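# Architecture at a glance
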Amino acid sequence: MKIFFLSQLLVAVAVAGDDHSGSGSPLSVTSYAPSTNVECPDLSTTSLIRTFPPQNQTLHSAEKAYVSTRANTTVLAAWKDWLGDGSSLGYNLTAYTGPFPSIGIAIPGGGLRAAQYGASSLLALDSRNTTSKGAGTGGLLQVASYISGLSGGSWVTGSLLFNDWPMADDLVFGNGNELDGWLLDLPFVTPDGDNLLSDKNQAFFGSILWSVIAKAGQGVDTSITDVWSRMISYHFLNQTSRSNFFTNDSAHGAGQLWSKIPLIPAYQNLSIPFPIIVADSRPVGSNLTTILSFDSVVYEITPFEIGSYDPFLSSGMNLSYAGTHLVKGKSSNGSSCVMGFDQAGFIMGTSASLFNQILDFAHNTLSQFSESDSTGLLYLLSRQLSEVRTRANDVANWPNPFQGLASSNFQDTNASWLELIDGSSNTENIPYGPLFVKARGLDVIVTLEGSADDPINNWPNGSSLIASSDRQQNFLQITHQKFPPIPSTPEEFIATGVNARPAFFGCDPSSSEDYPLIIYLPNAPPLTGSNPVTNTPTFQLSYTQLHTHLFFDQVYFNLISGFTPNANIPDPNWGKCLQCAAFDRARLKAQTTIPRSSFCSQCFSQYCYNPQDPPSKAELPNRKLVFVDPDPQGFAKVETFFSKNKFKLIGGFLGLLVFIGVLSYSM
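The following refers to the structure shown. (Residues numbered from 1 in each chain as written. Predicted model: local features only at pLDDT ≥ 70, side-chain atom pairs only at ≥ 80, totals over all residues. Heavy atoms only, no water.)

### Some points on the state of the cysteines
A covalent bond between the sulfur atoms of two cysteines is referred to as a disulfide. Overall, the coordinates contain four disulfides when judged by the stated rule. Here C40 engages in a disulfide with C337; their sulfurs sit 1.9 Å apart. Looking along the S-S bond of the C40-C337 disulfide, the torsion reads about 105°, which is the right-handed sense. Taken together, the residues C40 in the loop between strand 1 (35-39) and strand 2 (49-51) and C337 in strand 11 (residues 336-339) connect sequence positions 297 residues apart. C337 matches C40 in its accessibility class, with the two residues each being buried. Between C577 and C603 runs a disulfide, and the two sulfur atoms are separated by 2.0 Å. One disulfide, between C577 and C603, carries an S-S torsion of -70° and so falls in the left-handed class. Of the two residues, C577 is situated in helix 18 (residues 574-589) and C603 in helix 19 (residues 598-607); the sequence distance between them amounts to 26 residues. (Disulfide = S-S within 2.5 Å. Helix = DSSP H or I, 4+ residues; strand = E, 2+ residues; numbered from the N terminus. Buried < 20%, exposed > 50% of the residue type's maximum accessible area, 1.4 Å probe, protein only.)

Below is the structure:
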C-alpha cells in the first residue's frame, strides 16, 4: 500500500515554496494554508469592518461600482440584444434606454443534483448558446446583475467563476482544450472505488490531508469541512484533469482565493453577474444538530467581504483578511493579520457544510451518504483528528471578526469563532436572502429550483419559498424587501402545479406594495411524459457520464419549452413570455407608466400565480414522478469489468469455442 505517512507529508510541506504569502507553491496542495502573522493595514486609519444601520443599509463601494458600471454598459447592451425593438412582445422599445429591471439569479442547494440543475438551466438562459438564443430564453443570464449560490448552487457558481465563465456545457463536460469537465463519474470521496486502501485512493487521501495539515500548521483550526472543501475543489476548480486527479502535479485549486475573483478576465470584462455565496451560522457553543431558528444569522460571502444584512448584525468584514481574530474591529494579535483564508473551495465547502446534522462521531456514523462515501469521510476525519488540531469537527470554523459588535442583537458577539454551516440549515434552501436586501433593490429574482423537498421522489414542493417568506415577515422587514404572494403550504404548491412547471410570483403588486417578481423555474418531470432522470438524491456523490448528459438534456428541454396547459408539448411562445416577465417591472419604473401589452398579458394569464384564481396541477397531464435510472450502476460495473478484462475474456471465449468444436467433432 502506498500510504502518505505524516512524516512524508511534513517533509513535503517544509520544502514547499510560496504562493499567496503562505505555505505552499503555486503547484502545491499545501497552498490551501492561509498566511498568518501578516502585517495588518493601519487600523487607526483603516477599518477592516464595515458597519451600517439596518434602516439605512449601504453596499460595499466596489460592489456598487461594479453593478452600476455593468448596468450602464454590458447589461444595457444585453437587454437590447435580447429584446430587440420589443415588437415581438407588443412594445416599442426603439427609443427606450431604461431603466431596465435589476435581476438576480438564485441557485439553491442539493449537492450534485442542484449543481447539475443549475448548470443546465444556465445553459438554457445563455445567449452564447445558439439554440437557447433561438428559443428566446438565451439572454436572461446576460441581463442579470447578481447571482447567488448555496451549497450545491455555490459549486456551480464557483466553478463558473474560477474557469473564467464558460458556457455551462463546456464547463461540465469539458471542451477538449483547457476545460476537462467536472468528472462526476469519479466519486467525491472514493474516486478509485470502494476499496479505501487502493493505491489511488490512498494517494488522493494523502493529498487531501496534506492540504489540511498545512492549514493546521499555520495555527488555524480545521474540521471535516476542510476535507470536504478539498474534495469539492478537485471537481469544480480549474487545476484538475482526469490524468492528474491522483497526483500532486497540480495544486488542485488549493491556492485560489475568493477575494481574487475581480482579477478573473470575465469579471474585468464585466461579463459576470456579481456573485454571492450564502452560509448559515450555528450559535457558538450550542452544538445544535437540528434545524436552525430564523433568528440565527445568515451570512453572505462576496469577492469583497463576508457579512450579513440581517438586522442582528448589519456588518461586513474585508474578505482578504478573513481569518483574522478581531475584537471591536482590532486585531487580537497586535498588528498581525491573516490572509489567504478565503480559499475558493473552502468558501464552497462552508456553504455546503451539513455535517452538524448528519455526523455522529461518537458512534462512528455519517447518515444519508452511501456506505462507501460515509466510510471514506469518517476514515479521513479519524486520520485528521490524529494528526492536527481541530475545533468544532462538524462545522466550518471561521475566526469571528465581529466579536464585540452589535452586542444587543448579535448571537456571537462574545465568541472568538464563528461556526458556519450549510446555507439551508434554517430550511431556506434557496439563497434568497442577499437578493431581497433592500439596498440592492432587485426587481426580478430568477429561481433555478433544484431542491428535493419531497422525500419520496425528490421534487421541489415550495418549502424553501415558504420558509424565506416567513423569515422575512417575522425578522427582516426592516432590511429586506417583502416577499411576493405564494401558496401558503407545500400541499398548495403541489395542488396548484406551480412546483412542476415555470411560474411567476408577484406579477401584479398594488400601488401600496413593493416586492420583486419571482421567475420560478423548478426541476420538474419531463413535460413530454417521459421517464425522469433529474430527481436524484442530494447525497448522491457520483454520476456516470451518460446520466449527466441525459440529465442536462432533460433539464434543458424543459427550460426552453415552458408548458402548454393540458398537453405534453412545448409552448411556442415561452421564450417571449420569459422576456415579458423579465421586462415587466420596467413598465412601472418608466417615467411614464407603460401599459402591459396584450401579448404579455396572455403570457401572464398562463404563467402567473394568482392567489384569487389559483391554477391546478390537472393542467399538467401524464407527468411521471418516479425516478428511472438511465444508467444502472450494475450495468456500469459490468461494463467496467468487460473493459478491463476484454483480452482475457476474448481469449477465454475463443478457448470455449475450440473446446465446443472438439467436443462436437468427437461426438
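### Re the environment of L465
Take L465: it is sitting in helix 15 (residues 463-475). We classify L465 as buried; its relative accessible area is 0%. Expressed as a C-alpha distance, the spacing of L465 and Y432, which sit 33 residues apart in the sequence, is 8.5 Å. Excluding residues that lie within four positions of it along the chain, L465 makes contacts with I430, Y432, E449, F483, I486, F493, F505 and Y520. (Contact = heavy atoms within 4.5 Å.)

### Focus on the nonpolar core
Soluble globular proteins tend to pack their nonpolar side chains together in the buried interior. Formed by 178 residues in total, the largest nonpolar core has its most connected members in W228, W258 and W398. At eight residues, helix 18 tops the list of elements feeding residues into this core. (Core = buried A, V, L, I, M, F, W, Y, C linked by side-chain atoms within 4.5 Å.)

### Quick notes on the pairing of strand 16 (residues 444-449)
In terms of residue burial, strand 16 counts as a mostly covered element, since six of its six residues are buried. Where burial is concerned, the two faces of strand 16 agree: the one with V444, V446 and L448 and the one with I445, T447 and E449 are both buried. Pairing of strand 3 (residues 103-107) with strand 16 involves four bridges; the strand directions are parallel. Each bridged residue has a counterpart across the sheet, and for A106 the counterpart in strand 16 is T447. Note: strand 16 against strand 18 (residues 517-522), six bridges, orientation parallel. Among the inter-strand pairings, V444 is bridged to a residue of strand 18, identified as L517. (Pairing = 2+ DSSP bridges.)

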